[in-house]
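# Structural overview
If you want the building blocks of each chain, they are given just below.
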Amino acid sequence: MPALTNRTRLGAAAWTLTILYFPIQLVVALAWPEPYSLTANTISDLGVTSCGQSNPFPGREIFVCSPLHSLMNIGFVFVGVTTVVGAILTRRAWPRSRLTTAALIGVNLAGAGGVLVGLAPSDTALHLHSLGALLQLPAVMAPIFLGLALRHERRRLAAFSLVVGAVGTVGTVFFVLRLPALWFGILERLALEPFTLWTFALGVTLLRPPTATRVRSIEDTGGELRPLA
């Protein structure tokens, strides 16, 4: 794995900024006139521009009112853009393989989906919003693909990626099946939010300065960076 370039560092920094997704959610949720429910409300409800009853799926009706919806929608777009930027700029930091390519395609689709979700709130442009949400689903496999690509070079990061991918995949299955329906909001988070934690962790890992052991490893390999597990 080659030494980091300024391009890679910039991409890694972009990925670390995806963590802002969580404090933005918290601020927006706390501004609701009636308590936002982690179990009943979806993440998209935070970006809804009007107040009233919502029907996320047949037979289920919930109240939605998000005074800070503009902040949430800006957050969706911001995180989507930083996700894509990180994937593009860090490409050379990862092994050259089809698994890596598949992983980064998933990351880019998720980022594009996030941008679309923010630009098209569910109460004003449901079809575009749904398309944006659908684009994010392939991303649950991205950590698994990259984890497999890294399994010989960075074993700890590979293991972490595989665990994140497994959690996201299981969450997605239950989310799509709506099982249990009363936990719909939590299932959505279980499906999608491990991915954001993963991009943040990748960014932090790339920006972390080499340890003494890793520096010795670089010297032993004639200057080629081969990070330890």
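Along each chain, the written sequence defines residue order, and numbers are assigned to residues from 1. Where local features are concerned, this predicted model is filtered to residues with pLDDT of at least 70; where side-chain atom pairs are given and counted, the filter is 80 or more; whole-chain, interface and lining totals use all residues. Excluded from the side-chain calculations are hydrogens and water; all other atoms, namely the structure's heavy atoms, are used.

With that out of the way, let us pick up the overall build of the protein chain. Every helix listed is a DSSP run of H or I at least four residues long, and every strand listed is a run of E at least two residues long, numbered separately from the N terminus. If you tally the helices and strands in the protein chain, you get nine helices and two strands. When the elements of the protein chain are put in sequence order from the N terminus, they spell out α-α-β-β-α-α-α-α-α-α-α. Counting the 229 residues in the protein chain, one finds 45% classified as buried. Counting only contacts in the protein chain whose residues sit at least 6 apart along the sequence, the fraction spanning at least 24 positions is 66%. Computed with a 1.4 Å probe, the accessible areas rest on the Shrake-Rupley method; for each residue, only the protein chains presented here act as cover. Counting every atom, the protein chain has about 11,400 Å² of accessible surface; 69% of that belongs to carbon and sulfur. Only protein chains enter the accessibility calculation, which uses a 1.4 Å probe; a residue is then buried when its area is under 20% of its type maximum, exposed when over 50%, and partly exposed in between. Only heavy atoms matter for contacts: two residues are in contact if any of them lie within 4.5 Å across the pair.

So, about the nonpolar core. Nonpolar side chains tend to gather and get buried jointly when the protein is soluble and globular. Ranked by internal contacts, the top residues of the largest apolar core, which has 21 residues, are Trp15, Trp94, Val107, Leu146, Phe195, Trp198 and Leu202. Of all the secondary-structure elements, those providing two or more residues to this core are α1 (6-16), α4 (98-119), α6 (142-149), α7 (155-177) and α8 (184-207). Setting aside chain neighbours within four positions, we find leucine 146 in contact with Trp94, Thr100, Ala103, Trp198 and Leu202. If you look at the next biggest cluster of nonpolar residues, it comprises 16 residues, including Ala29, Trp32, Phe76 and Val117. Buried Ala, Val, Leu, Ile, Met, Phe, Trp, Tyr and Cys residues that are joined via side-chain atoms within 4.5 Å together make up what is termed a nonpolar core.

This next bit is on helix α3 (residues 69-89). For a helix, the expected span equals 1.5 Å multiplied by the residue count minus one. Spanning 21 residues, α3 covers 30 Å between terminal C-alpha atoms, matching the ideal 30 Å at 1.5 Å per step. For α3, the complete set of buried residues consists of His69, Met72, Asn73, Gly75, Phe76, Val79, Gly80, Thr82, Thr83, Gly86, Ala87 and Leu89. In the core, the buried residues of α3 are packed alongside α1, α2 (21-30), α4 and α8.

Positionally, glycine 118 belongs in helix α4. Residue glycine 118 is classed as buried on the basis of its relative accessible area, which comes to 9%. In this structure, the C-alpha to C-alpha distance between glycine 118 and phenylalanine 78, residues 40 residues apart in sequence, is 8.7 Å. Excluding residues that lie within four positions of it along the chain, glycine 118 makes contacts with Asn73, Phe76 and Val77.

Each pair of packed helices gets described by two things: the angle between the helix axes and the distance between those axes. Axis separation between α2 and α8 bottoms out at 10 Å; the angle between their running directions is 130°. As summarised for this structure, α2 and α8 are arranged oblique, according to the angle between their axes. Within the contact between the two elements, α2 uses Tyr21, Phe22 and Gln25 and α8 uses Arg189, Glu193, Thr196 and Leu197. Note that Gly is not counted as nonpolar here; it falls among the polar residues with everything else outside the nonpolar set of Ala, Val, Leu, Ile, Met, Phe, Trp, Tyr, Cys and Pro and the charged set of Asp, Glu, Lys and Arg. Taken together, the residues that form the contact of α2 with α8 break down as three nonpolar, two polar and two charged. To get an axis, a line is fitted to the C-alpha atoms, and for a helix only the part in contact is used. The angle between two axes follows their N-to-C directions and goes from 0 to 180 degrees. Angles below 35 degrees are treated as roughly parallel, those above 145 as roughly antiparallel, those between 65 and 115 as roughly perpendicular, and all remaining angles as oblique.

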